[in-house]
Amino acid sequence: MMRSTRGLNPCQEAERQIRMGKDKDNLRWEHINTSKGRGVFAKSHIFKGAFILQYRGILRKGYSGTNDYSYHFRHGGSHYCKHNVFNSFFSDTCSIDASSEDGSMGRLVNDDPKPNGKMKKMKVDGVPQLCIFAVKDIMEGQEITYDYGGVDLPWRSSPGQEMAKVSTTDLY
């Protein structure tokens, strides 16, 4: 069952939060460990289908280099990218830079091959946005995750092993 605040459906709630420019109050971040870094956690129950948070950054057309916060998606015939350095060399037509610490938590959501969230593209006021929605109920205290989409991500290859810092030159 989907539940939202103020009687809004999940997409309307996402639009509201995007326009407000802040994360919902039912989330918190914490440092997990040196391998994983930080993560985002539910402060209260999040129902399946609910809007969780927006992945914020600066939308740029044209190649803007690579960083650890690039994520690729296509919108209106153009390629964009937001989050995940391991995919950042696939597109050079657009990018979103979310590398600045701006207080938003979307950039802190970790990868999981069995996630509880899913990244979805939305258009708000004519601008493409990326938002994470719950694909199952998330209990208080659970980490929010989504599948970054890579099949050969280094931290997935050896469970329990320290993640090595990878540069884009290592990917070729």
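These notes cover the structure that comes with them. Because the structure is predicted, anything quoted here is derived from the model rather than measured.

Remarks on the pairing of strand S9 (residues 117–124)
Two elements, S9 and strand S10 (residues 127–134), share eight bridges in a ladder whose sense is antiparallel. Opposite Val124, over in S10, you have Val127 as the bridge partner. Turn length for the S9-S10 hairpin, with the two strands adjacent in sequence and antiparallel, is two residues, and the turn residue Asp125 shows positive phi of about 55°.

Some words on the side chain of Asp111
Residue position: Asp111 is located in strand S8 (residues 110–111). Polar contacts involving the side chain of Asp111 include one to the main-chain amide nitrogen of Tyr148, which spans 2.8 Å.

Details of the environment of Ile138
Inspection of the secondary structure assignment puts Ile138 in the loop between S10 and strand S11 (143–146). Given the relative accessible area of 0%, Ile138 is considered buried. For the pair Ile138 and Phe41, spaced 97 residues apart in sequence, the C-alpha separation works out to 9.4 Å. Excluding anything up to four places from it in sequence, Ile138 contacts Ala42, Ser44, His45, Ile46, Ile52, Asn116 and Ile144.

Some points on the pattern of salt bridges
Within the structure shown, the criterion is met by eight salt bridges. The residue Arg19 makes a salt bridge to Asp125 at a minimum N-O spacing of 2.8 Å. In this pair, Arg19 sits in helix H1 (residues 10–20) while Asp125 sits in the loop between S9 and S10, placing the two residues 106 residues apart along the sequence. Take Arg19: its relative accessible area is 48%, and that puts it in the partly exposed class. Judged by its relative accessible area of 60%, Asp125 falls in the exposed class. Linked through salt bridges whose partners overlap, the residues forming this network are Glu15, Arg19 and Asp125.

Each value, and the rule that gives it
Residues numbered from 1 in each chain as written. Predicted model: local features only at pLDDT ≥ 70, side-chain atom pairs only at ≥ 80, totals over all residues. Heavy atoms only, no water. Pairing = 2+ DSSP bridges. Helix = DSSP H or I, 4+ residues; strand = E, 2+ residues; numbered from the N terminus. Polar contact = N/O pair within 3.5 Å; in protein donor to acceptor, adjacent residues only side chain to side chain. Buried < 20%, exposed > 50% of the residue type's maximum accessible area, 1.4 Å probe, protein only. Contact = heavy atoms within 4.5 Å. Salt bridge = Lys/Arg side-chain N within 4 Å of Asp/Glu carboxyl O.

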